[in-house]
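Now for the letters of each chain:
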Amino acid sequence: MSAIDTFWEFFAVAVGLLVVLGGLAATLLRGRGGATKELPRERPSTPAAPAPGTSDEADRDRRDSGGAVDTLPAPADETVEETLPPTTIPEVERPEAPQTRLQRLRARLARSNTALGKGLLALLSRGDLDEQAWEDVEDTLLTADLGVEATTELVESLRTRVKVDGNADEATVRGWLREELIALVDPSMDRSLASSRIDGRPAVIVVVGVNGTGKTTTVGKLARVLVAQDKDVVLGAADTFRAAAADQLQTWGERVGVPTVRSDRDGADPAAVAFDAVKGAAEMEADVVIVDTAGRLHNKVGLMDELGKVKRVIEKQSPIDEVLLVLDATTGQNGLRQAEVFSEVVGITGIVLTKLDGTAKGGIVVAVQRKLGVPVKLIGLGEGPDDLAPFDPEGFVDAIID
């Protein structure tokens, strides 16, 4: 092979190598961002997440209606204040005034004691009363729990009037009966209630009675009577043996804005609770404190001794101005035996007769007053919160015979 042929052979190989190297160079330049590289387009901003309670559909609706769509998220450190509902303050009731409730209770009493009043009028007005008729009068009075002694006095007095005046019409007989019954009920007895501060201290009322007479309810109702008279009242829940008695009393107090002093556990020492209630009332400068006690059974000596202890402990803090015995009018003569036992232990100063509207035994008023020598001060004639009222002798008699 000649030298010329060899030259052209090397030249062809060199050209081929250049072509291959040029292609590789171009490829490398494109991969490393050479002049042929396209500039990256600006990436669109990521839309903010929709606020709670919204949706893409809602945003589209707002766009379609021409409204602006707020896509800016709330700052991460922004504190969102929670709006709390306003505190509901229970409304304090305004109890019915005592005088107003007396009128209503008189009408109710008149309906419930027809056997005593109308029965007597029917017997006495028929004229020419023989022995059988007078025996019927006696039976009516005894059935009404007037008591043997009071019944005998009333019948003898009526017989004398009939004998002196002869036959009389119903109006005259009604007048006789009214006078005699009012005398038996005895309007001269002091029926006032210790409910105002005495010598710079609150008046102290202790309420006692057996189970089932409505004692705790009566304490709550009595608080309403005194609040209606603009008295500052404190309640003492010393009935620690009956489940939920303190809760019941506190509920009564809260309805009229009256505080209740109580123990935080069942079965606490009732004397200690009573002491704290009287002490607390003094610190609050209240007008009166009413202490509820357990429903002592009159035939349980141990329980009666406990009641005596309550009385003694209270008297270390303050004198006791009033001891009210709650009696169920439907118990009749059994209630009188209860009254005697309580009077021996704590010295009763007044009687509260409950459920007087559910019985024709209105004569229990006279019987219990004679037995104890203390007045009936309050009467209950229903289940309503204001169905307790101060006892009015003349109103009571008029309700019976009208």
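Chains are numbered independently. Their residues run from 1 in the order of the written sequence. It should be noted that, the model being predicted, local features are given only for residues of pLDDT at least 70 and side-chain atom pairs only at 80 or more, the latter also being counted only at that level, while totals for whole chains, interfaces and linings use all residues. Excluding hydrogens and water, the side-chain figures rest on all heavy atoms present in the structure.

Considerations on the sheet that holds strand β7 (residues 376-380)
(1) Moving on: Read from one edge of the open sheet, 8 strands run β3-β2-β4-β1-β5-β6-β7-β8, paired in mixed fashion. Because the sheet does not close on itself, it has two edges, and the strands there are β3 (260-261) and β8 (388-390).
(2) Moving on: As defined by bridge partners, strand β6 (residues 350-354) adjoins β7 across 3 bridges and the pair is classed as parallel. Its bridge partner being in β7, Ile351 is matched across the sheet by Val376.
(3) Moving on: Whether two residues touch is decided by their heavy atoms; if any such pair falls within 4.5 Å, the residues are in contact. Working convention: axes come from line fits to C-alpha atoms, limited for helices to the stretch in contact. Angles between N-to-C directions cover 0 to 180 degrees. A run of DSSP states H or I qualifies as a helix once it reaches four residues; a run of E qualifies as a strand once it reaches two. Both are numbered from the N-terminal end. Of the strands in this sheet, β2 (233-237), β3 and β4 (288-292) are in contact with helix α9 (residues 245-255), which crosses β2 at around 170°.
(4) Moving on: Most of the contacts of helix α10 (residues 270-283) go to β4, to which it runs at about 170°, and overall it touches β1 (203-208), β2, β3 and β4. Two strands form a pair only when DSSP identifies at least two bridges running between them.

Describing helix α14 (residues 393-401)
(1) Moving on: When accessible area is computed with a 1.4 Å probe and restricted to protein chains, residues below 20% of their type maximum are described as buried, those above 50% as exposed, and intermediate ones as partly exposed. Along α14, 8 of the 9 residues are buried, which leaves the element largely enclosed by surrounding structure.
(2) Moving on: Turning to α14, its buried residues are Pro393, Gly395, Phe396, Val397, Asp398, Ala399, Ile400 and Ile401.

Overview of the confidence of the model for the protein chain
(1) Moving on: Each residue carries a pLDDT value, the predictor's own confidence for that position, ranging from 0 to 100. Summing up the model confidence of the protein chain, the mean pLDDT is 77 and the portion of residues at 70 or higher is 70%.
(2) Moving on: Low pLDDT, under 50, characterises residues 31-82; the predicted model gives this stretch 10 contacts beyond four residues in sequence or across chains.

Brief notes about the packing of helix α7 (residues 170-185) against α14
(1) Moving on: It is the contact of α7 with α14, at a shortest axis distance of 9 Å, that shows an interaxial angle of 140°. Between α7 and α14, the interaxial angle falls into the category oblique. As for how α7 packs across α14, the hand of that crossing is right-handed. Within the contact between the two elements, α7 uses Arg174, Leu177, Arg178, Leu181, Ile182 and Val185 and α14 uses Pro393, Glu394, Phe396, Val397, Asp398 and Ile401. Roughly parallel means an angle under 35 degrees; roughly antiparallel, over 145; roughly perpendicular, 65 to 115; everything else is oblique. The crossing is said to be left-handed when, going from far helix to near helix, the turn is anticlockwise and less than a right angle, and right-handed when the turn is clockwise.

Digging into the pairing of strand β5 (residues 322-328)
(1) Moving on: By the criterion of burial, β5 is predominantly enclosed, with 7 of the 7 residues buried.
(2) Moving on: A two-sided burial pattern is seen for β5, the buried positions comprising Glu322, Leu324, Val326 and Asp328 on one face and Val323, Leu325 and Leu327 on the other.
(3) Moving on: Of the pairings in the sheet, the one linking β1 to β5 comprises 4 bridges and is parallel in character. Looking across to β5, one finds that Ile205 is bridged to Glu322.
(4) Moving on: Here β5 pairs with β6 via 5 bridges, running parallel. What sits directly across from Leu325, in β6, is Ile351.

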